[in-house]
Amino acid sequence: MTIDREDLTAFLVETKETLSQIETDLVIFEQNPEDLELINRLYRSFHTLKGNCAFLSLAKLEAIAHGGENLLNTLRAPTARESSSIREIINILLRVVDIIKQITIALESTGAEGEEDYSELIAAIDNLQDFDSSPSATIADPQAETPPAQSNQEGTKTSGLTDNFMRVDVQRLDELMNLVGELVLCRNQIVQFSDLLNDSSFLETAQRLDLITTDLQEGLRKTRMQPISTVWSKFPRVVRDLSLGVGKQVSLELEGEDTELDKTLIETISDPLTHLIRNCIDHGIETPDLRQAIGKPPEGKLFLRAFHESGYVKIQVADDGAGIDLAALKARAIELNLIAADRAAALSEQETLNLIFHPGLSTAKQVTNLSGRGVGMDVVKTNINKIEGNINISSQPNKGTVFTIEIPLSLAIARTLLVTSGGDRYAIPQMNLLELIRLEGEQAVKSVEMIHGSPVYRLRGQLIPLIYLNEQLQLDQNPNRAKFKDCSDDRRDGTLNIVVLQARDYPFGLVVDAINDIREIVVKPLGKQLKQISCFAGATIMGDGRVALILDIQGLAEKAHVISDDKEIDLNTESNIAGKTNDEECQMLLLQGLDNRRMGIALSRVARLENFSPQAIERIGQKKVLQYRDRLLDLIDLSAILNPESVNSISDSTNQGLLQVVVVNLDRERNVGIIVENIIDIVDQRITVKSDTDRAGIEYAAVIQGKVTEIIDIEALIAAA
Amino acid sequence: MADKRQFCTFFLDRFFFGIAAEKVQEIVRYQNITFVPLAPVEVRGLINLRSQIAIAIDLRLRLDLPPLNDDRLPLNLVVRVDGDNISLLVDDVGDVLDVSDDWFEPVPETLTGKVRELILGAYKLENRLLLILDVEKVVDLNSSSIA
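A short tour of the structure in this document, coming up. (Residues numbered from 1 in each chain as written. Chains lettered and ligands numbered in written order. Predicted model: local features only at pLDDT ≥ 70, side-chain atom pairs only at ≥ 80, totals over all residues. Heavy atoms only, no water.)

Some words on a nonpolar patch on the surface
All names here are of chain A.
Then, number 1: Residues Phe-193, Leu-196 and Leu-197 make up a contiguous nonpolar surface patch of roughly 340 Å² in combined accessible area.
Then, number 2: One can find Leu-196 in helix 8 (residues 170–197).
Then, number 3: What makes Leu-196 exposed here is its relative accessible area of 70%. (Patch = residues over 30% accessible without salt bridge, like charges linked within 9 Å, V, L, I, M, F, W, Y side chains within 5 Å. Areas by Shrake-Rupley, 256 points an atom, 1.4 Å probe, with all protein chains shown as cover. Salt bridge = Lys/Arg side-chain N within 4 Å of Asp/Glu carboxyl O. Helix = DSSP H or I, 4+ residues; strand = E, 2+ residues; numbered from the N terminus. Buried < 20%, exposed > 50% of the residue type's maximum accessible area, 1.4 Å probe, protein only.)

Rendered as structure tokens:
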């Protein structure tokens, strides 16, 4: 038997919707067993489904849908609803839904119902019906019960609005969207042209074209929008099944179900959201006993919130569970060799939380069938990043965890900052943008420090690595670009334009020749010949008809080694750009200690370099402190500790100049300032010669730049202070 | 009577080339090209082809031929491969020719270098050879850069 392909497609689309409606209704019904309207709606859904199956001669499906319909009918009898078997009936009905799904998948791929035998399920259904011996007594034609709304074939929509809707192939909308994209570009060109032409009637026409195009674009964008409830509708079921499976009580609260976003985006976020929900139920929410023991209600809460904020859709998945155990997370990461123990100790709270996204990490003490297999969160992040989105976590012990996903409203049109480098324009997605800095003359020369060939900029005291766009893109080396060499020379004596960007939570500065303006652009993919260039996310056509490339900030940062795979800041150096390997190398901040001794601190521990006047130092008992960023910063005088006999420590000496303080991160909450005599350099060097030392506060001695250098052990130094 | 085939012909350096006519989308005069940093050298950049973005491949470079004189601008011969429009920069275009399969010859021995790798064969026309370009290979920059 063959079914007309078109009929089948229509049936499949409709069945999918019906099933998702049935699932949602069943879960609601479980909590409100007295809601007769709900039973009627469920009944109608099954009835329509059955009818459709019969129409297409899908015997198996029809039998199963019929079974489900009958079973529902038993629920109309109060006896059935009172009995404890309601959960059992719901379970069976959900299984019916699953099996219908399975069959529809088989139908979709093969065109046939498949060979599976479902008589066992049907028998189970019949079995359950037995406790109500007179089902037919309450059966009424659902059409007759609620006459006005039910003539629709949709089955799922209870209002009579159905006639005003029609199904449209998404591909057709995609094509239209493309055309409108082109219209936008054409409009931009015409508007630019009208400015030149200075003809008032043409100008007027151009303005009208401008308005109409904007409306059209907006209108079409809306047709592609779907409420987020299209994905969320499956979650009540997911949450119910998962929580039953792990013996937890979880109630799901949805907020902002009407929030709309682009259809393609909706599809992409479905899997990540499911994963996050699993994670919350599996790891976040505690068992009822445990919850009661710590004074929480036994039922855990899971929140899904969606809302619009500054051009983005934000989706939050939150639970009121145990929160993320930072110590366990670190221990696990160390155990799995994802991070070295000393690095882990230095991580801030946020950095530790971000370890969750490390590929191959799982904190579950045991692997369950839900999650904890060690794949997942990194995939979630990758999927969200793919659609230009971001994910953040915040967590509080015993209060819960919040995952916040930010995604753009639509992918096709993006807000970007236009910059110029080497004579060409490049677009930077606004998502990555933090701030713009323009330095002129003297200031430009002074504020960029070259530390061993690595340019660094002090942004309000914080060191951020600088990368030059023209160097990264090798614009100077290309013979075709030789004529633009002049532009880059200008930069050296004139202004310096820094675009502060963020890739994977790490800021860095991108130096460009000029910053133009913010522009909405239509993103077009690059052909496959250029796909392997990680620096570009796509291209667009500008108002003047020329093509401009869109920078992929993540890719660019990775190329420049500003961020590396283990998410550590790695100040880029000439040697990195030249492509030399420096895996074994480690970056050291070189200091001049007492008696001209050379000392080093691992740069990974250094948060900032600051200068203070000696008068700023205050004392609390024996401790020296400094008011720093609204906090007290404990100060450690390096020379006083390493050389206790010395009478004059640096800070006591009537020093005429400023004190140099290296601010070191202990953890998120605490910083310590180390007063040093002089900062010499930052080196990037393989440390080959190491010798142990028993001096307090010194980890080992090594040869750096041909001189013996003592490497400071920060923890020991603090202990000694 | 042998089958006839249609070829779109064009000139490049001292050679006369042809591409199967059904693969050619259109011919467009020279356009502004946006340079793509870090791209393979054969990629001259991107052009705006009626609001679609197309890669422009410098066919002379691709075939190891000397560059075109500065005073002459190439033309875009736009081909369609796997659904993508790709512009091949050529010196000049010729007619669309109907040629008989009888005239087909495998790659002539006299040809060497990249040209030889990227052509399917040649048709002996009355006064010259028409070299048939293997378009798929020409636009596949990734594989040939390894070879």
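Overview of unusual backbone geometry
Then, number 1: Not every positive phi belongs to a glycine, and Asn-398 of chain A is a case in point at roughly 65°.
Then, number 2: Tracing the chain through its elements places Asn-398 of chain A in the loop between strand 6 (390–396) and strand 7 (400–408).
Then, number 3: The partly exposed category is assigned to Asn-398 of chain A, whose relative accessible area is 46%.
Then, number 4: Residues other than glycine seldom take positive phi values, yet Leu-38 of chain B does so here, at roughly 70°.
Then, number 5: As for its position among the elements, Leu-38 of chain B is in the loop between strand 3 (24–28) and strand 4 (43–49).

Section: the environment of Val-41 of chain B
Then, number 1: In this structure, Val-41 of chain B sits in the loop between strand 3 and strand 4.
Then, number 2: The sequence separation of Val-41 of chain B and Leu-61 of chain B amounts to 20 residues, and the corresponding C-alpha distance is 7.9 Å.

Comments concerning the sheet that holds strand 10 (residues 119–124) of chain B
All names here are of chain B.
Then, number 1: Sheet architecture is open: six strands sit in the order 8-1-2-11-10-9, paired in mixed fashion. Either end of the sheet is taken by a strand with one partner, and the two such strands are strand 8 (92–100) and strand 9 (104–105).
Then, number 2: Summarising the sheet, strand 1 (residues 4–12) and strand 2 (residues 15–20) pair through six bridges and their orientation is antiparallel. The residue bridging Phe-10 from the neighbouring strand is Phe-17, located in strand 2. (Pairing = 2+ DSSP bridges.)

Regarding the sheet that holds strand 6 of chain A
Residue and element names in this part refer to chain A.
Then, number 1: With mixed pairing, the five strands of this open sheet are ordered in space as 2-4-5-7-6. Each of the sheet's edge strands pairs with one partner strand only, and the pair in question is strand 2 (250–255) and strand 6. Between one strand axis and the next, the sheet turns by 15° as a mean value, whatever way the strands run.
Then, number 2: The strands touched by helix 11 (residues 235–245) within the sheet are strand 2 and strand 4 (300–309), with strand 2 carrying the most contacts at an inclination of about 160°.
Then, number 3: Set on the sheet, helix 12 (residues 263–284) makes contact with strand 2, strand 4, strand 5 (312–319), strand 6 and strand 7; between it and strand 5 the angle comes to about 20°. (Axes fitted to C-alpha atoms, helices over the stretch in contact; angles between N-to-C directions. Contact = heavy atoms within 4.5 Å.)

Concerning the environment of His-308 of chain A
All names here are of chain A.
Then, number 1: On the secondary structure map, His-308 appears in strand 4.
Then, number 2: A relative accessible area of 44% places His-308 in the partly exposed class.
Then, number 3: Separated by 47 residues in the primary sequence, His-308 and Leu-261 have C-alpha atoms spaced 9.5 Å apart.
Then, number 4: Not counting residues within four places of it along the chain, the set of residues in contact with His-308 comprises Thr-259, Glu-260, Val-313 and Leu-409.
Then, number 5: A polar side-chain atom of His-308 sits 3.5 Å from the main-chain carbonyl oxygen of Glu-260. (Polar contact = N/O pair within 3.5 Å; in protein donor to acceptor, adjacent residues only side chain to side chain.)

So, the nonpolar core
Then, number 1: If you look at the biggest cluster of nonpolar residues, it comprises 66 residues, and the most contacted ones within it are Leu-510 and Phe-536 of chain A together with Phe-17, Leu-46 and Leu-88 of chain B.
Then, number 2: Looking at this core element by element, the count peaks at four residues for strand 6 (residues 75–81) of chain B.
Then, number 3: Ignoring anything within four residues of it in the chain, the contact list for Phe-17 of chain B reads Cys-8, Thr-9, Phe-10, Leu-12, Leu-63, Val-115, Ile-119, Leu-130, Leu-131 and Leu-133 of chain B.
Then, number 4: By size, the runner-up hydrophobic cluster in this structure holds 46 residues, among which are Leu-242, Leu-273, Cys-280 and Ile-407 of chain A. (Core = buried A, V, L, I, M, F, W, Y, C linked by side-chain atoms within 4.5 Å.)

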